[in-house]
Amino acid sequence: MGLRASLEAILMVVDEPVAEVTLAQVLEVPTQEVARALRELAAEYTGQGRGFELRVVAGGWRYYTRAECAPLVERFVRDGQQTRLTQAALETLAVVAYRQPVSRARVAAVRGVNSDGVMRTLVARGLVEEAGTDPESQAVLYRTSSYFLERLGLTDIGELPELAPFLPDDVENLEETTK
């Protein structure tokens, strides 16, 4: 895989700007090559009039929505509040609801897949919120919000239905085989 494709792949998943030196270390390429490739990509995206741009902010590189497209993105996000949740979002929301307060790592462990993007979506929709940090790991903990309770017509989390009727009869053996 080429340097530019590698940079694009990494920058596609970052939550915050990434420094050139960090990208160079990860890709095992000189920092000057990384810096040149990033500038070329940024110029290419601008020249092509893409809906996103690659720019340096806070000492690192990250993709951003092009300013002209911001109103469309805002409308999409706002209108998206009315769209249905995906299966992944429903699963993640259930883990948070029944295991709260819970860290992203614990949600991922229960689901068996990375749930960071889904968690961001649930936070953005106001269904999940931060609930402090774990004293041992310092991981951010999450819980369901009052908006979640309102949408489900619940007074408090204790009104959630019991999980036992929905679990397989052979749960003990199921856990043994997955270890």
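All of these numbers come straight from a predicted model, not from anything done at the bench.

1. Points about the nonpolar core
Thinking step 1. Formed by 17 residues in total, the largest nonpolar core has its most connected members in Leu93, Val96, Val107, Met119, Leu122, Val128 and Phe148.
Thinking step 2. Elements supplying a minimum of two residues to this core: α5 (87-99), α7 (116-124) and α8 (146-152).
Thinking step 3. Take this core: its biggest share by element is five residues, from α5.
Thinking step 4. Residues Ala24, Leu38, Ala42 and Tyr63 belong to the second largest nonpolar core, which totals 16 residues.

2. Focus: the confidence of the model for the protein chain
Thinking step 1. Of the residues in the protein chain, 88% have a pLDDT of 70 or more, and the chain-wide mean is 86.
Thinking step 2. Under a pLDDT of 50 for its full length, residues 174-179 has, in the predicted model, one contact with residues more than four places off or in other chains.

3. Concerning the packing of aromatic side chains
Thinking step 1. Within the structure shown, the criterion is met by three aromatic pairs.
Thinking step 2. Plain terms: the ring middles of tyrosine 45 and tyrosine 63 are 5.8 Å apart, the flat faces sit at 45° to each other, and that makes the pair tilted. Pair noted here: tyrosine 45 is in helix α3 (residues 31-48) and tyrosine 63 is in strand β2 (residues 60-65), with a separation of 18 residues, a long-range link.
Thinking step 3. In this structure tyrosine 63 comes out as buried when scored by relative accessible area, which is 14%.
Thinking step 4. Here the aromatic residues Tyr45, Phe52 and Tyr63 are joined through ring pairs into a cluster of three or more.

4. Regarding the sheet that holds strand β4 (residues 128-133)
Thinking step 1. As summarised here, the arrangement of the three strands in space is β3-β5-β4, forming an open sheet in which the pairing is antiparallel. Two strands bound the open sheet, and with one partner strand each, they are β3 (102-103) and β4.
Thinking step 2. As judged from the two bridges shared by β3 and strand β5 (residues 140-144), these two strands associate in the antiparallel manner. Across the sheet, residue valine 102 finds its bridge partner in β5, namely tyrosine 142.

5. Focus: the pairing of β2
Thinking step 1. Strand direction decides the pairing type here: strand β1 (residues 52-57) and β2, joined by six bridges, are antiparallel. Directly across from valine 57, in β2, lies its bridge partner glycine 60.
Thinking step 2. The antiparallel pairing of β1 with β2 creates a hairpin that spans two residues between the two strands, and alanine 58 there sits at a positive phi of about 55°.

6. Examining unusual backbone geometry
Thinking step 1. In this chain, glutamine 100 is followed by proline 101 through a cis amide linkage whose omega measures -10°.
Thinking step 2. Note that proline 101 resides in the loop between α5 and β3.
Thinking step 3. Of note in this structure, glutamate 28 is not a glycine but carries a positive phi near 55°.
Thinking step 4. Considering the arrangement of structural elements, one finds glutamate 28 in the loop between α2 (20-27) and α3.
Thinking step 5. The phi torsion at alanine 58 lies on the positive side, around 55°, for a residue other than glycine.

7. Things to note about α5
Thinking step 1. Along its 13 residues, α5 runs 18 Å from first to last C-alpha, staying within 8% of the 18 Å computed at 1.5 Å per residue.
Thinking step 2. Along α5, the residues classified as buried are Ala89, Thr92, Leu93, Val95, Val96 and Ala97.
Thinking step 3. For α5, the elements touching its buried residues are β3, α6 (104-111), α7, β4, β5 and α8.

8. Some details on the packing of helix α1 (residues 3-13) against α2
The description of two packed helices rests on the angle between their axes and on the distance between the axes.
Thinking step 1. Here α1 crosses α2 at 115°, and the two axes come no closer than 11 Å. Considering how the two elements wind past one another, α1 and α2 form a crossing that is right-handed. Contact residues: Leu3, Ser6, Leu7, Ile10 and Leu11 in α1; Leu23, Val26 and Leu27 in α2.
Thinking step 2. A breakdown of the residues in the contact of α1 with α2 according to their chemical character gives seven nonpolar, one polar and no charged.

The rules behind the values
Residues numbered from 1 in each chain as written. Predicted model: local features only at pLDDT ≥ 70, side-chain atom pairs only at ≥ 80, totals over all residues. Heavy atoms only, no water. Core = buried A, V, L, I, M, F, W, Y, C linked by side-chain atoms within 4.5 Å. Buried < 20%, exposed > 50% of the residue type's maximum accessible area, 1.4 Å probe, protein only. Helix = DSSP H or I, 4+ residues; strand = E, 2+ residues; numbered from the N terminus. pLDDT = per-residue confidence, 0-100. Contact = heavy atoms within 4.5 Å. Phe/Tyr/Trp six-rings, centres within 6.5 Å; stacked < 30°, edge-to-face > 60°. Pairing = 2+ DSSP bridges. Expected span 1.5 Å × (residues − 1). Axes fitted to C-alpha atoms, helices over the stretch in contact; angles between N-to-C directions. Left-handed = near helix turned anticlockwise from the far one by under 90°. Nonpolar A, V, L, I, M, F, W, Y, C, P; charged D, E, K, R; others polar.

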